[in-house]
Each structure stands twice: as structure tokens, then as C-alpha cells.
Amino acid sequence: MLLITGARGAVAAHLTQLLHSRGLPLRLGSARPGELDPPGGVETVPLDLTDPAHFPAALTGVDAVFLYARPEGIHDFVGHALKAGVEHIVLLSSAGVLGPDAENDPLARSHLDVERALLDSPLTTTILRPGAFASNAAAWAWPIRSGQPISLPYPNAHSDPLHERDIAEAALAVLTDPALRGGRYTLTGPESLTFAEQIDLLAEVLARPVAVRHVSREEWKLEMANYLPEHYAEPLLNWWRSNDGRPVPLTDTVRELTGHSPRPFTAWATDHLADFR
């Protein structure tokens, strides 16, 4: 039995379909299980990773877990997983934990705390550390749909946009191939692209121009104040500044795990075209 946590997420949804197509027994956990649309015969359970009261029922009879990184409650989760006899956990972490200041970066630290809790336990733990999700570009959907310019404080900051399908396929590999268990895998997209280049590619897929407005850090924080707390905005801006004009390093891990190169950003844009129209 495989438990997939955070089952409403895009990676988890793709992973669910991949595992189900192979006939593997699944249980989907979500804080809002009523919003799930599982394949036929797949069980759903309430699972808020910050609420240990949900852990016993969710973990009963489970052999392996695909786990989203939530530091709240992680030590309780580990304890319940051990008691339930879980053998293997695949953690969706972040390449941010490898940064030079991960300890002081709230975004990276939340993943780092989960990694440490798992690695300090007897559980066999496999860690997936993706770089930038291509889906981060979804934040541009509203201004593009409304004809407004996209505000960018660092338009020439690089990232390595990675399709959620590639992450799900990497997770499938490490969940189903015992030889891959216990590894630490840094996943990247196929190329390092600036935000401006990603927007140009989106414009090509949309077949219409997309305007960009270069803003200051403070202007951007004011625009995002209702969506992103200050203590997350600052490290994110610092990360973009550190990659301003600097291509990010790439890995070949997606190909090694899945047998194919990671999908290009244009594939993600095409798959999500309706979100931008």
C-alpha cells in the first residue's frame, strides 16, 4: 500500500495516475479529501500533515509514503510511520536546502527540517530535490489574462523550470525500483532560463505579446503583500538577485531516473495554455 500525501497537488495527481495505471494499491491523503477526484477504487483519507490526529488512520497498512515537506508535525509523523511499519518514505523536498544560507532561509529551512527529521530516524528515506517548478509561471496567469504587464524585480534572474510530470515520473521510479531507495536526487529542468526568456516563450505559445514591467524590490513586495509574507518575500528576492544574469547549474538526474530528458518549458506552457487565456 502506497500513501500519497498532499494529493491535491499537481505532482501528486500525476503520480497517482502513474501508480494506478500499474495496478498498485493506493491511498490518497489530503486536508480536504472531498475535493479529490481519485481513480476508481482508490481510497481517500483526511490527512492534514499539521494534525497528528490524522496520522494513525492514514498510515495503517502502509508500506511506502510519498511525502510533501511540512515541518509542522513531522516528528509525530515519523513516530506514527514507524509504529505502522512503514518501510520507505519518498520526500518531495527542494534544491534550496543545498544553498549556502539554507539555515537562515525560511523557505529552504522548512524543507531542511523535514529532511533532518527523516534522516535522523530509522526509516529508509529517498529525497527528491527539484529546483524551480515550471508551475511558478502560473503566477503570471492573471496579469496575462487581464492584459496587464508582469511585474519583475529581476527579469534576468535564472531558474531551471521543471515540469511537474517529470517530478512525478522521478517519484514513480524511486518508489518502484528498490535499487534507487535511499538516494538523494537533485532534479532540474533541461535549461537555465531567465524570467524574461520564459515570458518570451509563453508569448510564443500564446501567439501574442506579453508585457513586462521592471519594478523595484519594494514595489514588488507591495504588490505581493496579500499573497506572500515579508519573511518569505525577502529570501525569495535575495535568491533571484543571486541568480541575476547567472545561469543555474543543471543535472542529468531526470533522464537517469526516467529514461528521458526533462520536458522543455514550452511543453509546460502548452499543457497549461488554458490558464493564460
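Scroll up for the structure.
Residues numbered from 1 in each chain as written. Predicted model: local features only at pLDDT ≥ 70, side-chain atom pairs only at ≥ 80, totals over all residues. Heavy atoms only, no water.

Trainee: Mind laying out the overall build of the protein, listing which residues take part and the relevant values?
Mentor: The helix and strand tally for the protein stands at 11 helices and 11 strands. Rg of the C-alpha trace for the protein: 19 Å, near the compact-globule value of 19 Å for 277 residues, within the 12% margin. Buried positions account for 47% of the 277 residues belonging to the protein. The long-range share in the protein, meaning contacts at least 24 apart out of those at least 6 apart in sequence, stands at 71%. Summed over all atoms, the accessible surface of the protein reaches about 12900 Å², with 52% contributed by carbon and sulfur. (Helix = DSSP H or I, 4+ residues; strand = E, 2+ residues; numbered from the N terminus. Rg over C-alpha atoms; globule rule 2.2 N^0.38 Å. Buried < 20%, exposed > 50% of the residue type's maximum accessible area, 1.4 Å probe, protein only. Contact = heavy atoms within 4.5 Å. Areas by Shrake-Rupley, 256 points an atom, 1.4 Å probe, with all protein chains shown as cover.)

Trainee: Tell me what's going on with the packing of helix α1 (residues 10-21) against helix α6 (residues 164-176), and back it up with residues and numbers.
Mentor: A packed helix pair is summarised by two numbers, namely the angle formed by the two axes and the spacing between the axes. With their axes 8 Å apart at the nearest point, α1 and α6 run at an angle of 50 degrees to one another. Overall, the two elements α1 and α6 adopt an arrangement that is oblique. Two packed elements cross with a definite hand, and for α1 against α6 that hand is right-handed. Every residue of α6 that contacts α1 at Ala10, Val11, His14, Leu15, Leu18 and Leu19 is listed here: Glu164, Arg165, Ile167, Ala168, Glu169, Ala171, Leu172, Leu175 and Thr176. Looking at the contact of α1 with α6 residue by residue, the class counts come to 10 nonpolar, 2 polar and 3 charged. (Axes fitted to C-alpha atoms, helices over the stretch in contact; angles between N-to-C directions. Parallel < 35°, antiparallel > 145°, perpendicular 65-115°, else oblique. Left-handed = near helix turned anticlockwise from the far one by under 90°. Nonpolar A, V, L, I, M, F, W, Y, C, P; charged D, E, K, R; others polar.)

Trainee: Explain a negative patch on the surface to me, and be specific about the residues and the numbers.
Mentor: Judged by side-chain charge, Glu191, Glu197, Asp200 and Glu204 come together as a negatively charged surface patch. Secondary-structure assignment places Glu204 in helix α7 (residues 195-206). We classify Glu204 as exposed; its relative accessible area is 60%. (Patch = residues over 30% accessible without salt bridge, like charges linked within 9 Å, V, L, I, M, F, W, Y side chains within 5 Å. Salt bridge = Lys/Arg side-chain N within 4 Å of Asp/Glu carboxyl O. Lys, Arg positive; Asp, Glu negative; His and termini not counted. Charge placed at Lys NZ, Arg CZ, Asp CG, Glu CD.)

Trainee: Explain unusual backbone geometry to me, and be specific about the residues and the numbers.
Mentor: Generally, phi is negative for residues other than glycine and the peptide bonds are trans, each holding for most cases. One non-glycine residue, Ala207, lies in positive phi territory at about 60 degrees. Topologically, Ala207 is positioned in the loop between α7 and β11 (212-214).

Trainee: So what's going on with helix α9 (residues 230-242)? Residues and values would help.
Mentor: In a regular helix each residue adds 1.5 Å, so 13 residues correspond to 18 Å; α9 covers 18 Å between its end C-alpha atoms and thus fits that length. Ala233, Pro235, Leu237 and Trp240 are the residues of α9 that are buried. On its buried face, α9 is in contact with α4 (106-119), α7 and α8 (217-224). (Expected span 1.5 Å × (residues − 1).)

Trainee: Explain the sheet that holds strand β5 (residues 88-92) to me, using residue names and the numbers behind them.
Mentor: The parallel open sheet is built from 7 strands, whose spatial order is β3-β2-β1-β4-β5-β6-β9. Each having just a single partner strand, β3 (43-46) and β9 (184-187) make up the two edges of the open sheet. Taken pair by pair, the neighbouring strands of this sheet meet at an average axis angle of 20 degrees, ignoring direction. Pairing geometry for strand β1 (residues 2-4) and strand β4 (residues 64-68), over 3 bridges, is parallel. Within β4, the position partnered with Leu3 by the bridge is Val65. (Pairing = 2+ DSSP bridges.)

Trainee: Let's hear about the pattern of salt bridges: which residues, and what values?
Mentor: In this structure the tally under the stated criterion is 16 salt bridges. Of the charged contacts in the structure, one is a salt bridge between Glu218 and Lys221, with a shortest N-O distance of 3.1 Å. Here Glu218 and its partner Lys221 are both found in helix α8, 3 residues apart, which amounts to about one turn of the helix. A single network of salt bridges, built from pairs that share partners, joins Arg217, Glu218, Lys221, Glu230 and Glu234.

Trainee: Got a sec to walk through the packing of α8 against α9? Specific residues and values, please.
Mentor: Between α8 and α9, whose axes approach to 11 Å, the crossing angle comes to 140 degrees. What the angle tells us is that α8 and α9 run oblique. For the crossing formed where α8 meets α9, the hand is right-handed. Contacts from Arg217, Trp220 and Lys221 of α8 reach α9 at Glu230, Ala233, Glu234, Leu236, Leu237, Asn238, Trp240 and Arg241. Here the contact of α8 with α9 is built from residues that sort into 5 nonpolar, 1 polar and 5 charged.

Trainee: Describe the side chain of Arg217, naming the residues involved and giving the relevant values.
Mentor: Structurally, the position occupied by Arg217 is in helix α8. Every residue in contact with Arg217, bar those within four places of it in the chain, is listed here: Pro153, Tyr154, Glu234, Leu237, Asn238 and Arg241.

Trainee: Quick one: what's the story with the pairing of strand β2 (residues 26-30), residue by residue and with numbers?
Mentor: With 5 of 5 residues buried, β2 is to be regarded as a mostly interior element. Examined bridge by bridge, β1 and β2 share 3 bridges and lie parallel to one another. Across the sheet, residue Leu3 finds its bridge partner in β2, namely Arg27. As a crossover connection, the stretch from β1 through α1 into β2 is right-handed. Pairing geometry for β2 and β3, over 4 bridges, is parallel. From the neighbouring strand, Arg27 faces β3, where its bridge partner is Glu43. (Right-handed = clockwise from strand over helix to strand, strands pointing away.)

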